[in-house]
Amino acid sequence: MTSQPVLFAPRPLGTVPTQKTAPTRKAAAGRPFTLDSVFSATARRSPKAVAVRDQAGCLSYGGAENRALQLATGLVRNGLQLGDPVVVHCGDHRQSVVAQLAVLKAGGVCVPVPADFGRQAAARACEVSGAEVVLCGTATRAGLPAAAQVVVLDDARTWARLDALLPDPALPRSGPMDATYLMVDERGGQLVDNRAWQCMLAARVQQIGAAPGAVAVRQAPGGARTLSAMWWAFASGGTFLGLTREDDLVRGFGSGVAALFSAEEYDRVLAAEPGGEAPAVVVLLGGPCPPSLLERHRARYGASPLWGEFAPVGGLLPWAVRQLGTEAPEASGGTCVGGPMPNVYVRVLDRAGRVLPPGRVGELCAAGPALPFDRVGGWETRLGAPDPERGLLHRSSWLGRWRADGTLELTGPRRP
């Protein structure tokens, strides 16, 4: 253990039970890709470019990179092992981005807890993941487990200690197939690796395009849409706009901004008084989009593209995508969610787990490298067997069918 100043009292190595520690996958040969390496490449190329803008100010790529490297050094010097989970529970987007980058650089697994999830959410995330370290801010410190080793990122004393550390030469320790995030909810958690992110980001750029300069989201740090928006922005070398719910989005986005919402949230945006410039593109991530929303979008923003990404489990990694208004209507009255994303293999299964042919209604299930690779806790696994080549089978809790044009149509929620 180093004699230099440390962040917190170091824990003895190996005290986290193996079964409670978020696992990490072995790196595979091929082109290196990690989320933090994508960010670092832009930081080297354009250190002064704005990476994050929120209600409190801006953070450059170079500034975020340097702060994350110092924080990652502190984590490693204090015993963080490869694959160890770390809860990130921050109240502002700049703080959260630095914390997430640091965990990834240190080879850990981020367990994000949005600031608006309530005091019990962080304790729940620690319990499910086995995390003993929490990165947070002063505003989100209340309610954390008493046994957790807490690092308060807006405390000047934290950075005084960090700045005294020499950067660890072993950093970054992340690998292309390592776990990056453990997304926890009331049912347990899902593990996402770098490969899934690479597949998703490549597919989004292929289908929708690179982020036009900035990506805006109106969700607390650590939320699923927030993560999806920020990594889309960072993969394009653009700016992540972390807006608060009090921000008046109807004043306009601008042609250089993509906006990412849930369908319900965008419905509220369109219900507000109109005004301002149209966004370059709007992406709706999560559940199905009602047809009436397209009509209201066109009335407000004209020809500005509107895309729907169907992400039924956790709302993070989409299963299917479509540009709204381009699909052929069907007489069934269902909702089209588009064609499957690349590297996502969707099946329509009956209650016994048998694959149904096109036109037959069953539960939509999916597997593939663009989806979470493992589960922690009480996630449902009983329908069908995992595909040995395509991995874990995920249940959507939605009934649907294959349409004649090769797209997927939802017919309603799954009945218990």
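All figures in this text were calculated on a predicted structure; none of them were measured in a lab.

### Digging into the side chain of Glu65
Assignment of secondary structure puts Glu65 in helix 2 (residues 61-77). Among all residues touching Glu65, those that are not within four sequence positions of it are Phe39, Ser40, Ala43 and Lys105.

### Comments concerning the layout of surface pockets
Computed from the structure, the largest pocket encloses a volume of approximately 400 Å³. As for the largest pocket, its lining consists of 20 residues, of which Phe117, Asp185, Ala224, Gly314 and Gly315 are closest to the centre. Within the residue set of the lining of the largest pocket, elements represented by two or more residues are strand 7 (179-185), helix 7 (224-235) and strand 12 (281-286). When residues in the lining of the largest pocket are grouped by element, the largest group, three residues, is from strand 7. Considered class by class, the residues forming the lining of the largest pocket number eight nonpolar, eight polar and four charged.

### Re the packing of aromatic side chains
Here the structure, examined in full by the defined rule, presents seven aromatic pairs. Here Tyr61 and Phe234 contribute two aromatic rings whose centre-to-centre distance is 5.9 Å and whose plane-to-plane angle is 75°, an arrangement assigned as edge-to-face. Of this pair, Tyr61 sits in helix 2 while Phe234 sits in helix 7, placing them 173 residues apart in sequence. Accessibility expressed as a relative area gives 0% for Tyr61, which makes it buried.

### Side note on helix 4 (residues 119-129)
Along an α-helix, residues three or four positions apart point the same way, because every turn accommodates 3.6 residues. Those residues of helix 4 that sit buried are Ala121, Ala122, Ala125, Cys126, Val128 and Ser129. The positive-phi residue at the C-terminal boundary of helix 4 is Gly130, with phi of around 80°.

### Here's the deal with the pattern of salt bridges
For the structure shown, the criterion picks out 14 salt bridges. Note that Arg94 is salt-bridged to Asp54, the shortest N-O span being 3.2 Å. With Arg94 in helix 3 (residues 93-105) and Asp54 in strand 1 (residues 50-54), this residue pair connects regions lying 40 residues apart in the sequence. Assessed through its relative accessible area of 23%, Arg94 is described here as partly exposed. The residue Lys105 makes a salt bridge to Glu65 at a minimum N-O spacing of 2.8 Å.

### Some points on unusual backbone geometry
Geometrically, the link from Leu171 to Pro172 is a cis peptide bond, its omega value of 0° lying close to zero. Tracing the backbone through its elements, the reader meets Pro172 in the loop between helix 5 (156-163) and strand 7. Here the phi dihedral of Asn343 falls at roughly 70°; this positive angle occurs in a residue that is not glycine. The topology assignment puts Asn343 in the loop between strand 15 (335-340) and strand 16 (345-349).

### Side note on the pairing of strand 1
Sheet topology places strand 1 next to strand 2 (residues 57-60); four bridges connect them, and they run antiparallel. Paired with Asp54 across the bridge in strand 2 is Gly57. Counting the residues between successive antiparallel strands, the hairpin from strand 1 to strand 2 contains two residues. Bridge count for strand 1 against strand 10 (residues 239-242) is three bridges, and the pairing is parallel. Each residue of the ladder has a partner; that of Asp54, found in strand 10, is Gly242.

### Looking at the packing of helix 8 (residues 263-271) against helix 9 (residues 291-301)
Packing of helix 8 against helix 9 leaves a shortest axis separation of 10 Å and a crossing angle of 40°. When the interaxial angle is binned, helix 8 and helix 9 end up oblique. The interaxial crossing formed by helix 8 with helix 9 has left-handed handedness. On helix 9, the residues touching Ala263, Tyr266, Asp267, Val269, Leu270 and Ala271 of helix 8 are Leu293, Arg296, His297, Arg300 and Tyr301. Grouping the constituent residues of the contact of helix 8 with helix 9 by class yields seven nonpolar, one polar and three charged.

### Some remarks on the confidence of the model for the protein chain
The pLDDT averaged across the protein chain works out to 86; a share of 84% of its residues lies at or above 70. Note on residues 1-6: pLDDT is under 50 here. Beyond four places in sequence and across chains, it has 13 contacts. When the criterion is pLDDT under 50, residues 8-31 qualifies, and its contacts beyond four places in sequence or with other chains add up to 51 contacts.

### Regarding the environment of Arg44
Relative to the elements of secondary structure, Arg44 occurs in helix 1 (residues 35-45). Sequence separation of Arg44 and Gly62 is 18 residues, and the distance between their C-alpha atoms is 7.2 Å.

### Quick look at the packing of helix 2 against helix 3
Their axes nearest at 8 Å, the elements helix 2 and helix 3 cross at an angle of 50°. For the element pair helix 2 / helix 3, the angle class is oblique. Handedness of the helix 2/helix 3 crossing: right-handed. The residues of helix 3 that touch helix 2, namely those facing Ala64, Glu65, Arg67, Ala68, Leu69, Leu71, Ala72 and Leu75, are Val98, Ala99, Leu101, Ala102, Val103 and Lys105. Considered class by class, the residues forming the contact of helix 2 with helix 3 number eleven nonpolar, no polar and three charged.

Parameters and conventions
Residue numbers restart at each chain and count upward from 1, following the sequence in its written direction. Only residues with pLDDT of at least 70 are given local features in this predicted model, and only at 80 or more are side-chain atom pairs given and counted; all residues enter the totals for whole chains, interfaces and linings. Note: side-chain values were computed over all heavy atoms of the structure, leaving out hydrogens and water. Strands here mean DSSP runs of E at least two residues long; helices mean DSSP runs of H or I at least four residues long; both are numbered from the N terminus. Any two residues having at least one pair of non-hydrogen atoms within 4.5 Å are treated as being in contact. Both site types are read off a 1 Å grid over the protein atoms alone. A 1.4 Å probe that fits but cannot get out defines a cavity, while an open set with protein on both sides within 12 Å along at least five of seven lines defines a pocket; lining residues have an atom within 4 Å of a point. Grid points are joined across faces, edges and corners, and a volume is the space filled by probe spheres set on the points. Each residue is assigned to one class: nonpolar for Ala, Val, Leu, Ile, Met, Phe, Trp, Tyr, Cys and Pro, charged for Asp, Glu, Lys and Arg, and polar for all the others, Gly among them. The aromatic pairing rule takes the rings of Phe, Tyr and Trp, using the six-membered ring of Trp, and pairs them if the centres are within 6.5 Å, calling planes under 30 degrees apart stacked, those over 60 edge-to-face and the rest tilted. Burial here depends on accessible area, computed with a 1.4 Å probe over protein chains only, as a share of the maximum for the residue type. Under 20% is buried, over 50% is exposed, and the range in between is partly exposed. A pair is scored as a salt bridge if a Lys or Arg side-chain nitrogen falls within 4 Å of a carboxyl oxygen belonging to Asp or Glu. Strand pairing is assigned whenever DSSP detects at least two bridges linking the two strands. What counts as an axis is a line fitted to C-alpha atoms, over the stretch in contact for a helix, and the angles between N-to-C directions run from 0 to 180 degrees. Our angle categories are set so that under 35 degrees counts as roughly parallel, over 145 as roughly antiparallel, 65 to 115 as roughly perpendicular, and the remainder as oblique. Crossing handedness: left-handed means the near helix sits turned counterclockwise from the far one by under a right angle, and right-handed means the same turn made clockwise. pLDDT is defined as a per-residue confidence score from the predictor, taking values between 0 and 100.

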